Amino acid sequence: MCVWARVVSCRDASTSVPAQGSFRETMDTFTTIEARVAHCLFGYIAHAKVKSSGQEVALKCIHPKLALRHATSRGEAVAENADTELSVLRLAARHAHPHLMGMHPAAAGLPQCTSSASEAIERGHKLMAVLPWCGRGDLMTALETRGSGLPVADAMRLFAQIASAVHHMHTCLGYCHRDISLENIFLQDDASCEGGVRVLVGDFGAAGEIGHHDAPAVRPGKVSYVAPEIFRREASGYDGVRADVYSLGVVLFCLLAGNMPYNRPTATDECYSVIQRGDMGPLLDAWGLKDQFPPDVLDLVKRMMSPTPSLRPSLLEVLRHPRCAGHVPSVAMATPAATAAGGKEHEVDVDMTSGKCVGAAGAAAAGAGSGSLDDGDMSDVAVLEGSAAA
């Protein structure tokens, strides 16, 4: 069976960014719990607590000079853009989705969270993202700990929440993710959710605006998840939305199988070659995974992972799939300011007929508001923790 293809992520990167500065600019807002819990491409992650509320947060501290060069401290070129990541996080906070990570309200008014990399250099401070603390880690770790795929019903519930978050990112924020992976889907303690855990899609450094993209000089995304047209750097370029559908197909495969479908999307990878020929069924038989992929689910995975972008289903079609349709969460859209004031703006949800964001204002693009959260489908996350029910 193909093995897990581990790739560099924020939690295990070895960028060894030297310590610079301190939290002196933010000490009035945060109390540091642990100064460095992980490295990331342009800096490090700190664990802190918001003084005013006691909420735990992750502080993603970014060195602006590295971010502006789009390179690690070792000089390795990367596709990630810190300015884009902060912009998407701010948008996701204003136009929220229950399973899409956004900037924490404690970031309000902090220049580190609103400046661009060039402005931060000019003003002499770091960039920073204030994020919800996800103490349960990421989905990759959870599946590896479990040692097998999830029951089909649980996998489809979880997948519907993830796919709904990405669809919201496309239709309401105007961005494609381009780095969808198990490593970028996080598990957060949340007592309001059944099972006590919320799943959040995050890490938007490789995000790009919706539309056609030229062939990349530096590939976005992780090798084991990236769409073939991006990996091959096809001269005709690629569509970011269709590329996200492919990566979500890989995520769904992993949720069901408990392992990656292949290591690299190249002809020299035997697993990849078999799957791209449409022979996934016999391969699953050989791996003893046939029962994990009922015919309708197998059809969905195969279509999402089609090597031909135009043959992949739209995310709206994916969310309408009978296995997903009952688990697409309602979209709550309350801005931090409106929430703090106990007020509501106009409601925004996704029209499952048109696939557009709609609300009281009738807007088809991103708007802010408030709706009801349906956390009743979070029991699938408890399965990841190896509960007896699993």
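Now for a description of the structure that goes with this document. Keep in mind the model is a prediction, meaning the values are calculated, not measured.

## What to know about the packing of helix α6 (residues 152-173) against helix α8 (residues 240-257)
Two numbers describe how α6 lies on α8: the axes approach to 10 Å, and their chain directions differ by 160°. Judged by the angle between their axes, α6 and α8 are roughly antiparallel. Our pair here, α6 against α8, has a crossing hand that is right-handed. Seen from α6, the contacting residues are V152, A155, M156, L158, F159, I162, A163, V166 and H170; seen from α8, they are V241, D244, L248, L252, L255 and L256. Its residues assigned to classes, the contact of α6 with α8 comprises 13 nonpolar, 1 polar and 1 charged.

## Brief notes about the environment of L89
For L89, the location among the structural elements is in helix α2 (residues 82-94). Distance in space between the C-alpha atoms of L89 and L100 is 9.2 Å, their sequence separation being 11 residues.

## A short note on unusual backbone geometry
Of note in this structure, D203 is not a glycine but carries a positive phi near 60°. Examined against the element boundaries, D203 turns out to sit in the loop between β7 (197-201) and β8 (208-209).

## Things to note about the packing of aromatic side chains
What the rule picks out here adds up to 3 aromatic pairs. Pairing F253 with F293 gives two aromatic rings, centres 5.2 Å apart and planes at 45°, and the pair type is tilted. Here F253, found in helix α8, pairs with F293, found in the loop between α10 (280-287) and α11 (295-304); they are 40 residues apart in sequence, far enough to count as distant. Judged on exposure class, the residue F253 and its partner F293 are both buried. Taking the centre distance of 5.0 Å and the plane angle of 80° together, the rings of Y262 and Y272 count as edge-to-face. Note that Y262 is positioned in the loop between α8 and α9 (270-276) and Y272 in helix α9, a separation of 10 residues in sequence. A connected cluster of aromatic rings, assembled from ring pairs, spans F253, W287 and F293. The positively charged end of R36 is found above the aromatic ring belonging to Y44, 3.9 Å away from the centroid. A cation over an aromatic ring shows up here: R219 above the ring of F231, its NZ or CZ 4.3 Å from the ring centre.

## A look at the pairing of strand β1 (residues 30-40)
Relative to strand β2 (residues 43-50), β1 runs antiparallel, the two sharing 7 bridges. Its bridge partner being in β2, F30 is matched across the sheet by V50. Counting the residues in the hairpin turn of β1 and β2 gives 2 residues.

Cut-offs and rules
- Residues numbered from 1 in each chain as written.
- Predicted model: local features only at pLDDT ≥ 70, side-chain atom pairs only at ≥ 80, totals over all residues.
- Heavy atoms only, no water.
- Axes fitted to C-alpha atoms, helices over the stretch in contact; angles between N-to-C directions.
- Helix = DSSP H or I, 4+ residues; strand = E, 2+ residues; numbered from the N terminus.
- Parallel < 35°, antiparallel > 145°, perpendicular 65-115°, else oblique.
- Left-handed = near helix turned anticlockwise from the far one by under 90°.
- Contact = heavy atoms within 4.5 Å.
- Nonpolar A, V, L, I, M, F, W, Y, C, P; charged D, E, K, R; others polar.
- Phe/Tyr/Trp six-rings, centres within 6.5 Å; stacked < 30°, edge-to-face > 60°.
- Buried < 20%, exposed > 50% of the residue type's maximum accessible area, 1.4 Å probe, protein only.
- Lys NZ or Arg CZ within 6 Å of the ring centre and 35° of its normal.
- Pairing = 2+ DSSP bridges.

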